[in-house]
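If you want the building blocks of each chain, they are given just below.
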Amino acid sequence: YKMKLLYSKKVILVNSRAHDIFFEQKIDNSEESQITYLDCNLHHEIQLSLRGNLKEEHFKRYYDNVINFLNKISKTLEKKIVICIHPRDNLETKKKIFKDFEVYQNVTRENIIKSYLVIFFESSAIIDAILTKKRIITLVSNDLDLNLLNGSNIYRDQLGITQIRLEDYQNIDKSQFINEVDNNIKNYDKYIKENISPNGNEIGYKKIFKIIKESFFKN
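Calculation criteria
- Residues numbered from 1 in each chain as written.
- Predicted model: local features only at pLDDT ≥ 70, side-chain atom pairs only at ≥ 80, totals over all residues.
- Heavy atoms only, no water.
- Pairing = 2+ DSSP bridges.
- Helix = DSSP H or I, 4+ residues; strand = E, 2+ residues; numbered from the N terminus.
- Axes fitted to C-alpha atoms, helices over the stretch in contact; angles between N-to-C directions.
- Buried < 20%, exposed > 50% of the residue type's maximum accessible area, 1.4 Å probe, protein only.
- Arc of directions from axis to C-beta.
- Contact = heavy atoms within 4.5 Å.
- Right-handed = clockwise from strand over helix to strand, strands pointing away.
- Phe/Tyr/Trp six-rings, centres within 6.5 Å; stacked < 30°, edge-to-face > 60°.
- Lys NZ or Arg CZ within 6 Å of the ring centre and 35° of its normal.

**Quick look at the sheet that holds strand β1 (residues 34–38)**
The 6 strands are arranged β3-β2-β1-β4-β5-β6 in an open sheet whose pairing can be described as parallel. Each edge of the open sheet carries a strand with a single partner, namely β3 (102–105) and β6 (162–165). On average, adjacent strands in this sheet sit at an angle of 25° to one another, irrespective of strand direction. Note: strand β5 (residues 135–140) against β6, 4 bridges, orientation parallel. What sits directly across from I137, in β6, is T162.

**Regarding helix α9 (residues 188–196)**
If you check which residues of α9 are buried, you get Y188, Y191, I192 and I196. Each buried residue of α9 lies within a common arc of 100° when the element is viewed along its axis, so the set occupies one face. More than 90 degrees from the buried face of α9, the exposed residues found are K190 and K193. Buried residues belonging to α9 abut α1 (17–25), α6 (126–131), β5, α7 (146–159) and α8 (174–184).

**Considering the pairing of β6**
Only one face of β6 is covered, namely the face carrying T162 and I164; the face carrying Q163 and R165 is uncovered. Since β5 and β6 lie parallel, the crossover through α7 that links them has a hand, and here it is right-handed.

**Some points on the packing of aromatic side chains**
In total, this model carries 11 aromatic pairs according to the counting rule given. Ring centres 5.7 Å apart and planes at 75° place the aromatic pair Y205 and F209 in the edge-to-face group. You can see Y205 and its partner F209 sitting in helix α10 (residues 204–216), 4 residues apart, about one turn around the helix. The rings of Y37, F59, Y62, Y63, F98, F101 and F121 are connected pair by pair, giving a single aromatic cluster. The lysine or arginine in question, R135, covers the ring of Y116, its NZ or CZ lying 3.9 Å from the ring centre.

The structure is reproduced here in structure tokens:
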């Protein structure tokens, strides 16, 4: 921008779409009836362009480890597991993989709002969990690529949440775990201010309309 290499003549800060939805709809986030797992779309074209197809042995071991982890944490926290998949993923395939769980597509926000805990590797959908101040943990796996590892690390470091490596997970102390994830929530405000709602409480799309009107439709 400083070197005048952008097509844009001016850059204006606005709040995110997630901010607008959260504040305008006045979402009630008090329900905590489930654990929501945001599944990766390992066959997304961006993932394939970065690392190609996963070897079948890694793919199978990864999902075996995920399912084992979800069963354990469901038993520990005494909450049912709900799987939410990417809009461009294959629903029927994922229902076969997660045959013992409820699997949903295109209703991720609705499930996050009802969650006691949200689990993910790397997903922009986690923004809804941050805004609604849900407990969050991020996972990593030896069977996945460096790009997903880096994505998990960024959320771990910037958001200050707990990261668990699937291969190292055994059993957790329930009270210690709950204390840790509850304590992490205090870190969200800084992330929200810097990344989701950097323009205070102003509604982003209204600001965009206002600027366009003032800039191009003056009487």
